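# Descriptive analysis of the structure
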Amino acid sequence: MNIYFITASLLLFFASAIHVLKGVPLVNSLTPKKEKEVYRIWLMVSAGIQLITVDLLLSGLFLLLTGVGILPYNFVFILFICLLYSGYGIAWLLVLLSKKAEHGYYFRLTHWILFLIVAALSWIGLYTEQNFSH
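The following paragraphs examine the structure supplied in this document. Counting restarts for each chain: residues are numbered from 1 in the order of the written sequence. Per-residue local features of the predicted model are confined to residues with pLDDT of at least 70, and side-chain atom pairs are confined, for both listing and counting, to 80 or more; whole-chain, interface and lining totals are unaffected and use all residues. Just so you know, side-chain values use all the structure's heavy atoms and leave hydrogens and water out.

## Looking at the overall build of the chain
Spelled out, the test is: Put simply, DSSP marks the helices as runs of H or I at least four residues long and the strands as runs of E at least two long, and each gets a number from the N terminus on. Any two residues whose heavy atoms approach within 4.5 Å at even a single point are treated as in contact. Surface accessibility in these figures is a Shrake-Rupley result with a 1.4 Å probe; residues are shielded only by whichever protein chains are displayed. Charged residues are defined here as Lys and Arg on the positive side and Asp and Glu on the negative side; His and the ends of the chain fall outside this count. Throughout, a charge is located at the NZ atom of Lys, the CZ atom of Arg, the CG atom of Asp or the CD atom of Glu.
Scanning the chain from N- to C-terminus turns up five helices and zero strands. In the chain, the succession of α and β elements from N to C terminus is α-α-α-α-α. Projecting the C-alpha coordinates of the chain onto the three principal axes gives extents of approximately 60 × 30 × 20 Å. When contacts within the chain are restricted to residue pairs at least 6 apart in sequence, long-range pairs at least 24 apart make up 73% of them. Approximately 8700 Å² of the chain is accessible, and the part contributed by carbon and sulfur atoms is 75%. Of note, the chain has its 8 positive side-chain charges centred 11 Å away from the centre of its 5 negative side-chain charges.

Following this line, the structure appears as structure tokens:
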């Protein structure tokens, strides 16, 4: 049993629920008039939010199943999760920086914090599996 993987998975499930309950209605409320370019961008965002939800759910599911021992520990898979969520967190921060977001947005759009916490828990879980499973 790996409590770090389990904790990361629970955070991802919580984020998925918030994503569906808050994010989807928010994007849907922004439905633009059918000005071709704006409407096309809105459709891409609407589809993208669904892809992100799937990503959060599948990552959470596989971390949970690995954490409780239903799936066998796989170093490469967990390394991928570590790199993925580290990348998500860094990319989110870089977008905020590159768009010169006001400081308040760093704590209103806190996705980067979640991603870096999930990454940190996954890295710690990876480290503990490597040192205590042999």
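More follows now that the structure is in view.
## Considering the side chain of Thr66
Inclusion rule: For each residue, the accessible area found with a 1.4 Å probe, counting protein chains only, is set against the maximum for its type, and the residue is called buried under 20%, exposed over 50%, and partly exposed in between. Pairing of N or O atoms within 3.5 Å defines a polar contact, subject to two protein rules: one partner must be a possible hydrogen donor and the other a possible acceptor, and residues neighboring in sequence count only if both atoms are side-chain atoms.
Summarising the element assignment, Thr66 is placed in helix α2 (residues 36-67). Residue classification places Thr66 among the buried residues on the basis of a relative accessible area of 8%. A polar contact of 2.8 Å, which involves the side chain of Thr66, links it to the backbone oxygen of Phe62. For Thr66, the contacting residues outside a window of four places in its chain are Phe5, Leu71, Tyr73, Phe77 and Ile78.

## Some details on the side chain of His19
Within the secondary structure, His19 is located in helix α1 (residues 3-29). For His19, a relative accessible area of 14% translates into the label buried. Within the structure, the side chain of His19 is placed 2.6 Å from the side chain of Thr53, a separation counted as a polar contact. What His19 contacts, discounting residues up to four positions off in sequence, is Val24, Ile49, Ile52, Thr53 and Leu56.

## Some details on a nonpolar patch on the surface
Put simply, the rule reads: Nonpolar side chains (Val, Leu, Ile, Met, Phe, Trp, Tyr) within 5 Å and like charges within 9 Å form the patches, drawn only from residues with over 30% relative accessible area and no salt bridge. Any carboxyl oxygen of Asp or Glu that lies within 4 Å of a side-chain nitrogen of Lys or Arg is treated as forming a salt bridge with it.
A cluster of nonpolar side chains, namely Val54, Leu58, Leu61 and Phe62, defines an oily patch on the protein surface of about 320 Å² accessible area. Relative to the helices and strands, Leu61 is located in helix α2. Given the relative accessible area of 35%, Leu61 is considered partly exposed.

## A closer look at α1
So the rule is basically this: For a helix, the expected span equals 1.5 Å multiplied by the number of residues minus one.
Look at α1: 38 Å from first C-alpha to last across 27 residues, which is about the 39 Å you get at 1.5 Å a residue. For α1, the full list of buried residues reads Phe5, Ile6, Ala8, Ser9, Leu12, Ala15, Ser16, His19, Gly23, Val24 and Val27. The backbone nitrogen of Tyr4 lies 3.0 Å from a side-chain oxygen of the residue at the head of α1, namely Asn2.

## Brief notes about the packing of aromatic side chains
Where we set the bar: The pairing test for Phe, Tyr and Trp rings, Trp by its six-membered ring, is centres within 6.5 Å, and the orientation test on the planes gives stacked under 30 degrees, edge-to-face over 60, and tilted for anything in between.
According to the stated counting rule, one finds seven aromatic pairs in the structure shown. Aromatic side chains Tyr85 and Phe115 sit 5.9 Å apart centroid to centroid with 50° between the ring planes, which places their arrangement in the tilted category. With Tyr85 in helix α3 (residues 75-98) and Phe115 in helix α5 (residues 111-132), this residue pair connects regions lying 30 residues apart in the sequence. The pair formed by Tyr85 and Phe115 is uniform in burial state, with each residue classed as buried. Following the ring pairs from residue to residue traces out a cluster consisting of Tyr85, Tyr88, Trp92 and Phe115.

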